[in-house]
Amino acid sequence: MTISVNASLAERAGRVAAIAAAHADDVDAQARFPQEAADAMKLERLLSIQVASNLGGEDASLSQVAEICSLLGQSCSAAAMMFAMHHIKLSSLVTHGADSAWHRAFMRRICDEQLLLASATTEGGIGGNLRNSICAISVNGDRCTLEKDATVISYGAYADAILITSRANAEAASTDQVMTAFTRDQYSLERTQIWDTLGMRGTCSDGYLFKGEAPAEQILPKPFAEIAAQSMLATSHLLWSAVWYGIAVNAVVRAQNFVRAAARKSPGVTPPGALRLAEASNLLQLVKSNVIAGLREYETAKSDPDRLSSMSFAVAMNNVKVGASETILTIINHAMLICGILGYKNGTPFSLGRHLRDAHSAQLMISNDRILGNTSNLLLAHRQDTSLTG
Amino acid sequence: MLARHGGLSMAAGELRDDSDLYKAGLSSFASVQIMLAIEEAFDIEFPDALLNRRSFQSIDSIALAVESITGSAAAA
């Protein structure tokens, strides 16, 4: 595998994207896990690029990870979202696990074995607010045990490890949470809900009753509130938005191909879809600028915990997520209007049904209404940044 | 103020000045409500630089933040 490791990140990601694209329609139709893409990610060692090089990784920045999310998003949304979610979990380990011996060793294992990480933050009864837990981890001596009614664990059955939130102990307040890494040999999953959805069907985000037991040192040494504020929320909004941007890019590319084909058939006559394509291109650029500005903000704030947990940063990240998730729907709808019946039909080079269905998940992955509610609260305190270039 | 706006899982009287308010159940929503109540009570405005998690970590850190605002206002 030396060859693939030495190849540039873009080449390796390109090979994975080609495989993901070849199976995207089948993954969607069968609502099956994108196994071929997952195998390719492991083969190309893309699951550990974010880990520090002294632990066996490649020190990839969040922007580099986001670029791959966007590339995969253009091929297969489910594979792209799986890649994004894995790296969101990994960002928490990289940011908050570097001082813990167990988590350092775990990051080495992620590099050596290309372990796929899943996330279990949602729980029956918490009403969608992941900053609350009902379940509590119980520590006895050097062991910890946890049982959680996890209503959604994306690709849970296919993951090699799960990072899972809970209250810090049986007496802790619902917001006093910790996150613990359990490896596959340390938990059982009993499926309670089946993921049969409009879109993002291949993420296989079934619900499970999780039961785990592990050494207590696998609990991340920082409160989950800090992990959420300083790595998880920002990386979620940014990497998800990168995936969504990728879905929209592919829709616009298909629409452009349609318009160009029409223009070639009737030289001298501007096809009717051309104007809409210009509008779609305009909106796509807005999404791109939004995501890039968010990534830049994150890379600048990264080494400053105060800035990462500031209100201005939270407002900026919330705005990236809401803006990207709403705008891609308009863009894909434009693409559908351009391609007409060939966009509406499945199995044509201009098909957009999968894009449109997948894109509808974006406003719901942490409901935009909840995020806007959170932003509106922050804006009671935080004053609007009036600068342009910041 | 904490008792009215904090939404804490314990009585405000049981808190020590250095108790971790987040561990006592302080949410980000409640921290904004407390900030607004303090701004009203002391007739001050929190600058953006103090609008972070650490400022509202404990009664001590809130007091420190308020002092730094009133202190710099007195010096000006």
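Engineer: Let's hear about the packing of helix H3 (residues 35–43) of chain A against helix H5 (residues 77–96) of chain A: which residues, and what values?
Structural biologist: Residue and element names in this part refer to chain A. Following both chains from N to C, one finds H3 and H5 inclined at 45°, their axes separated by 9 Å at the closest point. Compared by their axis directions, H3 and H5 come out oblique. With respect to the hand of their crossing, H3 and H5 are arranged in right-handed fashion. On the side of H3, the interface is formed by Ala37, Ala38 and Met41, while H5 contributes Ala79, Met82 and Phe83.

Engineer: Tell me what's going on with the sheet that holds strand E5 (residues 177–183) of chain A, and back it up with residues and numbers.
Structural biologist: All names here are of chain A. Reading across the sheet, the three strands line up as E1-E4-E5 and stay open at both edges, with mixed pairing between neighbours. Every interior strand has two partners, whereas the edge strands, strand E1 (117–120) and E5, have only one. The mean inter-strand angle of the sheet, taken between neighbouring strand axes irrespective of direction, is 25°. Across seven bridges, strand E4 (residues 161–167) lies against E5 in antiparallel orientation. Within the sheet, the bridge partner assigned to Ser166 lies in E5 and is Val178. Running at roughly 85° to E1, H5 makes contact with E1, E4 and E5 of the sheet.

Engineer: Lay out the packing of helix H10 (residues 311–339) of chain A against helix H13 (residues 368–378) of chain A in plain terms, naming residues and giving numbers.
Structural biologist: Residues and elements named next belong to chain A. Close contact between H10 and H13 brings their axes to 10 Å; oriented N to C, the two are set at 150°. As the angle between them shows, H10 and H13 are arranged roughly antiparallel. The interaxial crossing formed by H10 with H13 has left-handed handedness. Residue-level inspection shows Met311, Ala314, Val315, Asn318, Asn319, Lys321, Val322, Ser325 and Glu326 of H10 in contact with H13, the latter providing Asn368, Ile371, Leu372, Asn374, Thr375 and Leu378.

Engineer: Give me the environment of A:Gly323: which residues, what numbers.
Structural biologist: Tracing the backbone shows A:Gly323 in helix H10. Linking A:Gly323 and A:Asn368, residues 45 residues apart in sequence, is a C-alpha distance of 9.5 Å.

Engineer: Please set out the domain arrangement of chain A residue by residue, giving values where relevant.
Structural biologist: Many authors give the size of an interface as the accessible area that is lost as the parts come together. Residue and element names in this part refer to chain A. Taken domain by domain, chain A consists of domain 1 (2–116), domain 2 (119–218) and domain 3 (224–378). With 26 residues of domain 1 at the contact, the number on the domain 2 side is 19 residues. For the pair domain 1 and domain 2, the summed buried surface comes to about 1,900 Å²; carbon and sulfur atoms form 68% of the total. On the domain 1 side of the contact with domain 2, Lys89, Trp102 and Leu116 bury the most area, a combined 33% of that side's loss. At the surface where domain 1 touches domain 2, the tally comes to one salt bridge. In this structure, Lys42 engages Asp160 in a salt bridge whose closest nitrogen and oxygen atoms are separated by 2.9 Å. Listing elements by their share of the side of domain 1 that touches domain 2, those giving two or more residues are helix H2 (9–30), H3, H5 and helix H6 (101–113).

Engineer: Tell me about the interface of chain B and chain A, residues and numbers included.
Structural biologist: At the junction of the two partners, chain B supplies 20 residues and chain A supplies 15 residues. Interface area, chain B with chain A, both sides summed: about 1,500 Å², of which 51% is carbon and sulfur. Contact with chain A buries area across many residues of chain B, yet B:Val32, B:Leu51 and B:Arg53 alone supply 34% of it, more than any other trio. In this structure, B:Glu45 engages A:Arg383 in a salt bridge whose closest nitrogen and oxygen atoms are separated by 3.3 Å. At the boundary of chain B and chain A, one finds six residue pairs in polar contact (both at pLDDT 80 or more). Taken together, the residues of the side of chain B that touches chain A break down into ten nonpolar, five polar and five charged.

Criteria and thresholds
Residues numbered from 1 in each chain as written. Chains lettered and ligands numbered in written order. Predicted model: local features only at pLDDT ≥ 70, side-chain atom pairs only at ≥ 80, totals over all residues. Heavy atoms only, no water. Axes fitted to C-alpha atoms, helices over the stretch in contact; angles between N-to-C directions. Helix = DSSP H or I, 4+ residues; strand = E, 2+ residues; numbered from the N terminus. Parallel < 35°, antiparallel > 145°, perpendicular 65-115°, else oblique. Left-handed = near helix turned anticlockwise from the far one by under 90°. Contact = heavy atoms within 4.5 Å. Pairing = 2+ DSSP bridges. Domains from an automatic or database assignment. Buried area = accessible area lost by both parts, 1.4 Å probe. Salt bridge = Lys/Arg side-chain N within 4 Å of Asp/Glu carboxyl O. Polar contact = N/O pair within 3.5 Å; in protein donor to acceptor, adjacent residues only side chain to side chain. Nonpolar A, V, L, I, M, F, W, Y, C, P; charged D, E, K, R; others polar.

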